[in-house]
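Letter by letter, the chains look like this.
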Amino acid sequence: MAEGWPAPMRFLQRLRSRATAGESPGERLHNAALALTPKASRLCFAFQPNVMTRMKRLRTNVEGLDTILNGGLFEGGVYIFEGPPGVGKTTLANQIAYTLARRETRTLYVTMLAESHARMLQHMEGQVFFDHQDVNAQVFYVSGYREFEQGGLKAVVGLLQGELIRHRAGLLVIDGLVVGGPISMSDDSVRQFVHELQSLVSALSCTCLILTSGNGNALSAEQTMVDGIFSFEDYGFHWRAERRIQVRKFRGSQIIRGRHTFCISSRGLQFFPRLESLPPPASSGTLGPGTLPFGLPALDSVLRAGGVLAGSASVLTGQSGSGKTTLALAFAAASTTQAPGLLLPCTELVGDLRRGGAELGLGVAHTMDSGALVVEPLGQEDESMDEMGHKVLRLVDEMKIRRLVVDGLAGLADTLAFSERGYRFLGRLLLELKARGVTSLFTVDPAALAAAADSPLAEGVVGWFDNVFAFDASPAPHGADRPPGRILSIIKIRGSQASQASVDVDLSLQDASVSPSA
């Protein structure tokens, strides 16, 4: 704190005493400081090198949001959240408020609409972050509707000034500020309001969030001198829909640009930054030097290294029913408690996989029961592509996974973003897995992938993988007493070779053997 600067409470008391002096809020801030010490003008209103300080961050602790913002909001900043009704703005503002309450930071929540606070709190009761004990103890709700209706924005500023001083809030939320409503407001009055608001929160080191609807009658964010503009949208295409956020403006720091998806659950809002836009991992990872067996001894014997290199990514392609899931189960069943595995089926049910593994003698159920293998469905809910990508990496990190199976890449492709970003997204996901030392196997049905992504992308995405296997179903010889054979072609093996280019895989009950192809 610079020499000559008054104690905060003395300054606030002087600020309140000037409320009836006929000055604007900005003038009251300036004159109240000058009345206590002339040096305050240099500290508050002039940019002198000897008094400038580094801007302090206000972390929201909302999953993914601070990552997009490269560290959080800035204290004393004014930020606009704009978007259509129901997109999650009010939930997010309350989520930030109650998260800050656990850090002893108070919030003044001012509503500009006629809706009662009790109604809003009823909607928040189902959220994990909500705590009744913080209401009117750490989070204070005030209605500004009457002041707005009777005196316009100038009266609102007066209300904010008094309530901020009374509650000593570190966060101010103004919910429902809409231009073109029952009160007519000019662009000049809106700009003046934001200017006075900035002066007020800057002097009090209070961060401000302005929530407004994103339609034609919304506050014109481009015409105001705010520190950040966050645009929310609920985007739909045919039967699919996803929620998106774009930070259109953010002063003081670099951010992860572009649109990012988010979801709303009982945990509040969770944001999923575009995977390929994240900073690169500290280590890109290396292959080997050890190997991991594929899980079928006869197949591993064909691979001269006895398996695939540790940390490598394999892809197994083939049409539906060719045997991809069976080999994927064999790979997953080879997991151990020292090198745990994660199986992510995109279409199969967990019970069906346990039963199918038992019928083939693969020991999937035993591996699961021992804790060496975890099965978690992927893409079977209305999840965005980035949500699934972050889910995979979170599970890998939490359970220290070393062997990963994604059975059905079409589950990732059946999203709005895959046709445009799927190639780069998959490349980044594999890079993140390699950096974590994870050996992975993905199965791909080219026809299903093309249908899900509405684009024939199978050949392109296969290029990201270190090892490539392909199934070709062949009919059984006439009169042969065995199921149809599956020719497994070994197209590419990174860092090693195969003793033969293909093998004939027989998948029968209680047996999953591999014999050399003719």
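Residues numbered from 1 in each chain as written. Predicted model: local features only at pLDDT ≥ 70, side-chain atom pairs only at ≥ 80, totals over all residues. Heavy atoms only, no water.

J.: Teacher, can you tell me more about the overall build of the chain here?
T.: The secondary structure content of the chain amounts to 17 helices and 22 strands. By the burial criterion, 51% of the 518 residues in the chain qualify as buried. Counted over contacts in the chain with a minimum sequence separation of 6, partners at least 24 positions apart contribute 70%. Counting only carbon and sulfur atoms, one obtains 50% of the accessible surface of the chain, whose full area is about 23,600 Å². (Helix = DSSP H or I, 4+ residues; strand = E, 2+ residues; numbered from the N terminus. Buried < 20%, exposed > 50% of the residue type's maximum accessible area, 1.4 Å probe, protein only. Contact = heavy atoms within 4.5 Å. Areas by Shrake-Rupley, 256 points an atom, 1.4 Å probe, with all protein chains shown as cover.)

J.: Looking at this structure, how should I read the packing of helix α5 (residues 89-101) against helix α6 (residues 117-124)?
T.: Each pair of packed helices can be described by the angle between their axes along with the distance between the axes. Direction vectors running N to C along α5 and α6 enclose 80°, while the axes themselves pass 11 Å from each other. One way to sum up the angle between α5 and α6 is to call them roughly perpendicular. On the side of α5, the interface is formed by Thr90, Thr91, Asn94 and Tyr98, while α6 contributes Met120, Leu121 and Met124. A breakdown of the residues in the contact of α5 with α6 according to their chemical character gives 4 nonpolar, 3 polar and no charged. (Axes fitted to C-alpha atoms, helices over the stretch in contact; angles between N-to-C directions. Parallel < 35°, antiparallel > 145°, perpendicular 65-115°, else oblique. Nonpolar A, V, L, I, M, F, W, Y, C, P; charged D, E, K, R; others polar.)

J.: Just to check I follow, could you spell out the side chain of Thr60 for this structure?
T.: Among the structural elements, Thr60 can be located in the loop between β1 (57-58) and α4 (65-68). At a separation of 2.9 Å, a polar atom in the side chain of Thr60 contacts the side chain of Asp66. Ignoring sequence-local partners within four residues, the contact set of Thr60 consists of Leu65, Asp66, Leu73, Ile96, Thr99 and Arg103. (Polar contact = N/O pair within 3.5 Å; in protein donor to acceptor, adjacent residues only side chain to side chain.)

J.: I keep staring at the packing of helix α13 (residues 385-399) against helix α15 (residues 418-435) and nothing clicks. Help me out?
T.: For the pair α13 and α15, the least separation of the axes is 11 Å and the interaxial angle reads 10°. Here α13 is positioned roughly parallel relative to α15, judged by the angle of their axes. Residues Met385, Asp386, Gly389, Val392, Leu393 and Val396 of α13 touch α15, and the partners they reach there are Phe418, Arg421, Gly422, Phe425, Leu429, Glu432 and Leu433.

J.: Could you clarify how one ought to interpret the environment of Ile68 in this entry?
T.: By the element assignment, Ile68 lies in helix α4. Ile68 sits 190 residues away from Gly258 along the chain, and the two C-alpha atoms are 9.8 Å apart. Aside from chain neighbours lying at most four places away, what touches Ile68 is Val247, Ile255, Ile256, His260, Phe271 and Pro273.

J.: What is the right way to look at the confidence of the model for the chain in this model?
T.: Atomic detail in the predicted coordinates should be set aside for any region of low pLDDT. Averaged over all residues, the pLDDT of the chain equals 82, while 79% of them reach at least 70. Counted against residues more than four places away or in other chains, residues 1-9, with its pLDDT under 50, gives 10 contacts. Confidence drops under pLDDT 50 across residues 36-49; counting only partners more than four residues distant or on other chains, this segment forms 24 contacts. (pLDDT = per-residue confidence, 0-100.)

J.: Quick question: what am I supposed to make of helix α7 (residues 145-167) here?
T.: Each full turn of the α-helix corresponds to 3.6 residues, which orients residues three or four apart in the same direction. With 23 residues, α7 extends just 19 Å between its outermost C-alpha atoms, more than 12% less than the 33 Å of an ideal straight helix rising 1.5 Å per residue. At Gly151, α7 shows its largest bend, some 135°. (Expected span 1.5 Å × (residues − 1). Bend = angle between axes of the 7 residues up to and from the residue.)

J.: When you look at the environment of Arg428 in this model, what are you seeing that I'm missing?
T.: Residue position: Arg428 is located in helix α15. Residue classification places Arg428 among the buried positions, given a relative accessible area of 8%. Taking the C-alpha atoms as reference, Arg428 lies 9.9 Å from Pro281; in sequence the two are 147 residues apart. When residues no more than four places from it in sequence are discounted, the contact partners of Arg428 are Leu275, Glu276, Leu278, Pro279, Pro280 and Pro281. Only 3.0 Å separates the side chain of Arg428 from the backbone oxygen of Leu278, close enough to count as a polar contact.

J.: Would you mind showing me how to read the sheet that holds strand β3 (residues 78-83) here?
T.: Sheet strands associate in pairs through backbone hydrogen bonding, adopting either a parallel or an antiparallel arrangement. With respect to topology, 9 strands assemble into an open sheet ordered β5-β4-β6-β7-β3-β8-β9-β10-β11, the strand pairing being mixed. Each having just a single partner strand, β5 (139-143) and β11 (268-272) make up the two edges of the open sheet. On average, each strand axis in the sheet is tilted by 25° relative to the strand beside it, whichever way the strands run. As defined by bridge partners, strand β10 (residues 259-265) adjoins β11 across 5 bridges and the pair is classed as antiparallel. Across the sheet, residue Ser265 finds its bridge partner in β11, namely Gly268. (Pairing = 2+ DSSP bridges.)

J.: Honestly, the pattern of salt bridges in this entry has me stumped. Any pointers?
T.: Pairing of side chains with opposite charge becomes possible as their charged atoms draw close. Scanning all chains against the criterion turns up 19 salt bridges. One salt bridge connects Glu383 with Lys391, and the closest N-O pair in it is separated by 3.8 Å. For Glu383, a relative accessible area of 11% corresponds to the buried category. When its relative accessible area of 13% is taken as the criterion, Lys391 is described as buried. Across the pair Lys434 and Asp466 runs a salt bridge whose closest N-O atoms are separated by 3.8 Å. With Lys434 in helix α15 and Asp466 in the loop between α17 (458-462) and β19 (467-473), the pair connects residues that are 32 residues apart, well separated along the chain. Here Lys434 falls in the partly exposed class, since its relative accessible area comes to 23%. Take Asp466: its relative accessible area is 5%, and that puts it in the buried class. (Salt bridge = Lys/Arg side-chain N within 4 Å of Asp/Glu carboxyl O.)

J.: Looking at this model, I keep getting lost on the packing of aromatic side chains. Mind explaining?
T.: Aromatic rings considered in pairs are described by the distance between their centres and by the relative angle of their planes. Using the criterion set out here, one finds 15 aromatic pairs in the structure. Arranged with centres 5.1 Å apart and planes meeting at 65°, the rings of Tyr98 and Phe130 form a pair that is edge-to-face. Of this pair, Tyr98 sits in helix α5 while Phe130 is found in the loop between α6 and β5, placing the two residues 32 residues apart along the sequence. Residue classification places Tyr98 among the buried positions, given a relative accessible area of 0%. One aromatic cluster is present, built from ring pairs that chain together Phe74, Tyr79, Phe81, Phe230, Phe232, Phe250, Phe262 and Phe271. (Phe/Tyr/Trp six-rings, centres within 6.5 Å; stacked < 30°, edge-to-face > 60°.)

J.: Would you explain helix α11 (residues 350-359) in this entry?
T.: Of all the residues in α11, the buried ones are Leu353, Gly356 and Gly357. Buried positions in α11, seen along its axis, are confined to an arc of 100° and lie on one side of it. Residues of α11 that are buried sit in contact with α10 (324-333), β15 (341-345), α12 (364-369) and β16 (373-375). Gly361 occupies a position one or two residues after α11 and carries a positive phi of about 70°. (Arc of directions from axis to C-beta.)

J.: Where do I start with the pairing of strand β17 (residues 403-407) in this structure?
T.: Sheet faces and side chains relate simply in a regular strand, where the side chains alternate between the two faces. Burial runs high along β17: 5 of the 5 residues are buried. Of the two faces of β17, the one holding Arg403, Val405 and Asp407 and the one holding Leu404 and Val406 are both buried throughout. In this sheet, β17 lies alongside β15 in parallel orientation, the contact comprising 5 bridges. Residue pairing in the sheet places Leu343 in a bridge with Val405 of β17.

J.: Looking at this structure, I do not really get the state of the cysteines. What am I missing?
T.: As used here, a disulfide is simply a covalent bond connecting the sulfur atoms of two cysteines. Under the criterion given, the structure shown has 0 disulfides. Between Cys206, a free cysteine, and Cys208, which holds the nearest cysteine sulfur, the sulfur-to-sulfur gap is 6.9 Å. (Disulfide = S-S within 2.5 Å.)

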